[in-house]
Amino acid sequence: MPSRREAHFTLFLTPSGYHESAWLVQDDDPCEAISVESLHRAAATAERGKLDAVFFPDWPMLSHFRAEYFPQVRYDPITLMSALGAANRKIGWIASASTTYNEPFDLARRLATADFVTNGRAGWNVVTTYHAEAAKNFGRTHPAHGDRYARAAEFVEVTRRLWDSWEDDAIVGDRSRGRWADIDRIRPARFEGAHFSVEGALPVPRAPQGHPVLAQAGSSPAGIDLAGRIAELVFTPQSSPDAGLGFRQKLDAAARRYGRTADDIRILPGLAFVLGSTEEEAQRLRAELEESASPELRWKNLALNAGLDHQRIDPGKPLDPRLAEEAEKTTFAQHIISAALSSDRPFIDLAQEITGLPGGLEFTGTPEQLADLIEDWVLSGASDGFTLQPTTIPTALDAFVDHVVPILQRRELFRTEYSGTTLREHLGLAAVRV
Ligand SMILES: Cc1cc2nc3c(=O)[nH]c(=O)nc-3n(C[C@H](O)[C@H](O)[C@H](O)COP(=O)(O)O)c2cc1C
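Rules of the game
- Residues numbered from 1 in each chain as written.
- Predicted model: local features only at pLDDT ≥ 70, side-chain atom pairs only at ≥ 80, totals over all residues.
- Heavy atoms only, no water.
- Near = heavy atom within 4 Å.
- Polar contact = N/O pair within 3.5 Å; in protein donor to acceptor, adjacent residues only side chain to side chain.
- Areas by Shrake-Rupley, 256 points an atom, 1.4 Å probe, with all protein chains shown as cover.
- Nonpolar A, V, L, I, M, F, W, Y, C, P; charged D, E, K, R; others polar.
- Salt bridge = Lys/Arg side-chain N within 4 Å of Asp/Glu carboxyl O.
- Helix = DSSP H or I, 4+ residues; strand = E, 2+ residues; numbered from the N terminus.
- Buried < 20%, exposed > 50% of the residue type's maximum accessible area, 1.4 Å probe, protein only.
- UniProt positions renumbered as here; feature names shortened; annotations may be inferred.
- Domains from an automatic or database assignment.
- Contact = heavy atoms within 4.5 Å.

A short note on the site of the ligand
Part 1 of the argument: Residues in contact with the ligand amount to 25 residues; listed here are only the nearest, D58, Y149, S219, S220 and T331.
Part 2 of the argument: Within the side chain of H145, a nitrogen or oxygen atom sits 2.9 Å from an oxygen atom of the ligand.
Part 3 of the argument: A distance of 2.5 Å separates an oxygen atom of the ligand from a polar atom in the side chain of Y149.
Part 4 of the argument: In the complex, the protein chains occlude 99% of the 620 Å² of accessible area that the ligand would expose alone.
Part 5 of the argument: A class-by-class count of the residues in the shell around the ligand yields twelve nonpolar, eleven polar and two charged.

This is the structure we're talking about:
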């Protein structure tokens, strides 16, 4: 049973940082932030801070309009995890990959390979891809929300069977008998379902962790059901400890439907933050970011996150309720639509308020104040830590590692050294054996 007192952190790593104006307020070369070297430096900082893992989001598409305003680079997360993970020795890695736009056999092999490359520090964030635009890149029609989740559940089931196609002791390496593997312990996955038909065994032996760690990031009823079924780690937008506790209850109910409990799952809400040595300094840094933000980008982005085509919206007027009906069923979209329908403000004004992760937590203040917030959430059981979204990288990330981590360590809320070597061990999760 994991200690509820120890916080866990993943670093949500995007070039320049989480705030869309991050690249405008830092004075490095704008192309430097997208270099693999710069991502490597951020990961090294996270490892210096003893964070559990670096996390890469993923959408298999380019939001064309966004590229005008801020860095849009979606390197393949599994390739990045493998390359950067080989260069670091302790920190774990979590790559997002879509169950809507991948095939289980291919993904199971790539993730198992990454687990070997990182010596047991790989994880997979199971996402269903909520941006409908992605479908065009695959010559497909974007499936409806419920269908995406039905496919996701089956996808993970097949993937796990593929990882289990090699038992732990399948490789015997018996030179005297010329027997490399016990082939009775290599079993084809044999799966026939509504979405997938997979026959063979994986051409990669059992991964160091058995299964790479499974994370999940959807918070709709269907998303929570999937998390209860398969997730070991959950990313979610929650804005207060009460909301976090309510989410834990829902997740616990879902987990129990599958013979598990929320104690089997680490809950890490997204936390975007600006840090300053004084509150005034932090407010000034936040204001600098906000003043650099483009109102035009914000309303177009809000439309995108609601699953609506911005070309059909008049930003100078409140959202047309008929359009609202066409919005996506995702947590993000529902949050945006309910805010839009409960106000008569023009869409462009609404967009100045719902920034960052819709429904998520935004913090501006000192390291001491952030440590207090983290302590409050973790000790009350509202979360097991956070998915850190530094508004600027390296600035806010450095400040977290240099100033917040030592406070948490002094309060015995966070490790001072890694006690294990695998991502499962960092998160206090059991290895998966067959
Ligand atoms: C911290 C965080 C990170 C996320 N990262 C991704 C991502 O990389 N790719 C993605 O498609 N969705 C991502 N999501 C969104 C969810 O995975 C999910 O697809 C979306 O919210 C729709 O599912 P829902 O309706 O169940 O919430 C993220 C959500 C959160 C809270």
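So that's the structure; there's more coming.
A look at the pattern of salt bridges
Part 1 of the argument: If you walk through the whole model with that rule in mind, you get 33 salt bridges.
Part 2 of the argument: In this structure, R411 and D372 form a salt bridge, with 2.8 Å as the shortest nitrogen-oxygen distance. Taken together, the positions of R411 in the loop between α14 (395–410) and α15 (423–427) and D372 in helix α13 (residues 367–380) put the pair 39 residues apart, joining distant regions of the chain.
Part 3 of the argument: The partly exposed category is assigned to R411, whose relative accessible area is 22%.
Part 4 of the argument: Salt bridges linked by common partners bring D164, D168, R206 and R433 together as one network.

Re the side chain of R148
Part 1 of the argument: Summarising the element assignment, R148 is placed in helix α5 (residues 145–163).
Part 2 of the argument: Separated by 3.4 Å, the side chains of R148 and E328 make a polar contact.

A look at the environment of A44
Part 1 of the argument: Note on placement: A44 falls in helix α2 (residues 36–48).
Part 2 of the argument: The spacing of A44 and P221 is 177 residues in sequence and 36 Å in space, taken between C-alpha atoms.

Section: the UniProt feature "domain: Luciferase-like" (unreviewed entry) in the protein
Part 1 of the argument: In the UniProt entry, the feature "domain: Luciferase-like" (unreviewed entry) is given for residues 34–383.
Part 2 of the argument: Helix makes up 41% of residues 34–383 and strand 15%, and the two end C-alpha atoms of the span are 31 Å apart.

Some thoughts on the domain arrangement of the protein
Interfaces are often described in size by the accessible area the parts lose on coming together.
Part 1 of the argument: Looking at the protein, the domain boundaries give domain 1 (8–282 + 357–427) and domain 2 (294–354).
Part 2 of the argument: Using C-alpha coordinates to define each centre, domain 1 is positioned 28 Å away from domain 2.
Part 3 of the argument: Counting from both sides, the interface comprises 19 residues of domain 1 and, opposite them, 17 residues of domain 2.
Part 4 of the argument: Linking domain 1 with domain 2 are two salt bridges.
Part 5 of the argument: Of the charged contacts in the structure, one is a salt bridge between R148 and E328, with a shortest N-O distance of 3.4 Å.
Part 6 of the argument: At the junction of domain 1 and domain 2, the tally comes to seven residue pairs in polar contact (both at pLDDT 80 or more).
Part 7 of the argument: Looking at the side of domain 1 that touches domain 2, its residues break down into seven nonpolar, eight polar and four charged.

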